[in-house]
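Per-entry structural report
This is what each chain is made of:
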Amino acid sequence: MKTIYKINHWILFFSFLGLVTTSLAAEFFFSKQAIMQSFEFSLGNLGIMISPVDQLFIARIERRNTWDYHFYVGIVFFISLVISIIRTKDITTSRILKESIRFMYISGLVLFASGLIMYLRLYFILEDSYFSLLKTIHNFAK
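Structure report, in brief.

About the thresholds
- Within any chain, residue numbers begin from 1 and follow the written order of that chain's sequence.
- The predicted nature of this model means local features are confined to residues of pLDDT at least 70 and side-chain atom pairs, given and counted, to a pLDDT of 80 or more, with totals for whole chains, interfaces and linings taken over all residues.
- Note that water and hydrogens are dropped before the side-chain values are worked out from all heavy atoms of the structure.
- Per the convention used, a helix needs a DSSP run of H or I reaching at least four residues, while a strand needs a run of E reaching at least two, with both numbered from the N terminus.
- Here the globule rule reads 2.2 Å times residues to the power 0.38, and the radius of gyration is calculated from C-alpha atoms.
- Throughout, exposure labels follow a simple rule: accessible area from a 1.4 Å probe, protein chains only, divided by the maximum for the residue type, with under 20% read as buried, over 50% as exposed, and the rest as partly exposed.
- Grouping into patches uses exposed residues only, defined as over 30% relative accessible area, and leaves out salt-bridged ones; the cut-off is 9 Å for like charges and 5 Å for nonpolar side chains (Val, Leu, Ile, Met, Phe, Trp, Tyr).
- Each accessible area value is a Shrake-Rupley result obtained with a 1.4 Å probe; residue values ignore everything except the protein chains displayed when judging cover.
- The term salt bridge refers to a side-chain nitrogen of Lys or Arg lying within 4 Å of a carboxyl oxygen of Asp or Glu.
- The span one expects for a helix is its residue count, reduced by one, times 1.5 Å.
- Ring pairs shown here join Phe, Tyr and Trp side chains whose ring centres sit within 6.5 Å, with only the six-membered ring taken for Trp; geometry is labelled stacked below 30 degrees between planes, edge-to-face above 60, and tilted in between.
- Nonpolar cores are built from buried Ala, Val, Leu, Ile, Met, Phe, Trp, Tyr and Cys residues. Side-chain atoms within 4.5 Å join them into one set.
- Contacts were defined at the residue level, with two residues in contact if any of their heavy atoms lie within 4.5 Å.
- A 3.5 Å cut-off defines polar contacts: any pair of N or O atoms within that distance qualifies, except that in protein one atom must be a possible hydrogen donor and the other a possible acceptor, and neighbouring residues in sequence count only when both atoms are side-chain atoms.

**Notes on the overall build of the chain**
Along its length, the chain carries 5 helices and 0 strands. In the chain, the succession of helices and strands from N to C terminus is α-α-α-α-α. Over its C-alpha trace the chain gives a radius of gyration of 19 Å, far above what one expects of a compact globule, namely 14 Å for 142 residues. For the chain, with 142 residues in total, the buried portion stands at 26%.

**A look at a nonpolar patch on the surface**
On the surface, W10, F13, F14, F16, L17, V20, L24, F28, F29 and F30 cluster together into a nonpolar patch covering about 1,100 Å² of accessible area. Assignment of secondary structure puts F14 in helix 1 (residues 3-29).

**Focus: helix 2 (residues 32-46)**
For helix 2, which comprises 15 residues, the first-to-last C-alpha distance of 21 Å matches the rise-based estimate of 21 Å (1.5 Å per residue) to within 8%. Of the residues flanking the end of helix 2, it is G47, one or two places downstream, whose phi is positive at about 75 degrees.

**So, the packing of aromatic side chains**
Taken as a whole and judged by the stated rule, the model has 7 aromatic pairs. Relative to F13, the ring of W10 has its centre 5.5 Å away and its plane inclined at 85 degrees; by these criteria the two rings are edge-to-face. Taken together, the residues span about one helical turn, with W10 and F13 both in helix 1 at a distance of 3 residues. Given a relative accessible area of 47%, W10 falls into the partly exposed group. Geometrically, the ring pair formed by F78 and F112 is stacked, given 3.9 Å between the ring centres and 10 degrees between the ring planes.

**Thoughts on the nonpolar core**
Within the largest apolar cluster, 5 residues are counted, these being L12, L19, F77, L81 and Y105. At the level of elements, helix 1 and helix 3 (52-87) are the ones that each hand at least two residues to this core. Residues within four places of F77 in sequence aside, it is in contact with L12, S15, F16, L19 and G108.

**A look at the side chain of S84**
With respect to the helices and strands, S84 occurs in helix 3. There is a polar contact of 3.0 Å between the side chain of S84 and the side chain of N8. Contact partners of S84, with chain neighbours within four places excluded, come to N8, L12 and Y105.

**Overview of the pattern of salt bridges**
The tally for this structure, following the rule as stated, stands at 3 salt bridges. With a shortest N-O distance of 3.5 Å, D68 and R64 are connected by a salt bridge. Of the two residues, D68 and R64 are both situated in helix 3; the distance of 4 residues between them amounts to about one turn of the helix. Overall, D68 belongs to the buried group, its relative accessible area being 17%.

This is how it looks when you write it as structure tokens:
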């Protein structure tokens with residue numbers, strides 16, 4: 001196995017871990033609810049009053065940072081995945097392994113396409129029903 005394929009393998013592995021980590025962080029530790037609960041504690045101790053609507057707005061902006069990291073790691077994952085797809089024709093393995101690798105490639109491409117469109121909704125108008133469908137597709141591809 002060539003060195004570049006070994007490096008690509010580990011980049012794919014660590015970018016996958018990065019995607020899982022940023023996704024879990026955004027869903028649990030940096031969720032809007034968790035951030036707003038921290039506001040209740042911290043703002044109360046400081047004696048600062050911010051309306052709940054403004055708190056939600058701030059929480060959404062803070063949460064956006066985590067999804068930005070998720071997107072950037074997703075780009076690295078996609079590039080590494082494409083390199084792996086190009087190399088796949090050299091692999092001779094069992095049929096089950098070939099099918100599972102093919103399934104991983106397809107789901108990775110679906111994840112990238114749906115994630116890219118969801119990320120770009122910050123810059124282009126996207127209907128809520130379409131975004132909801134993309135989110136469902138993205139979650140099923142996971």
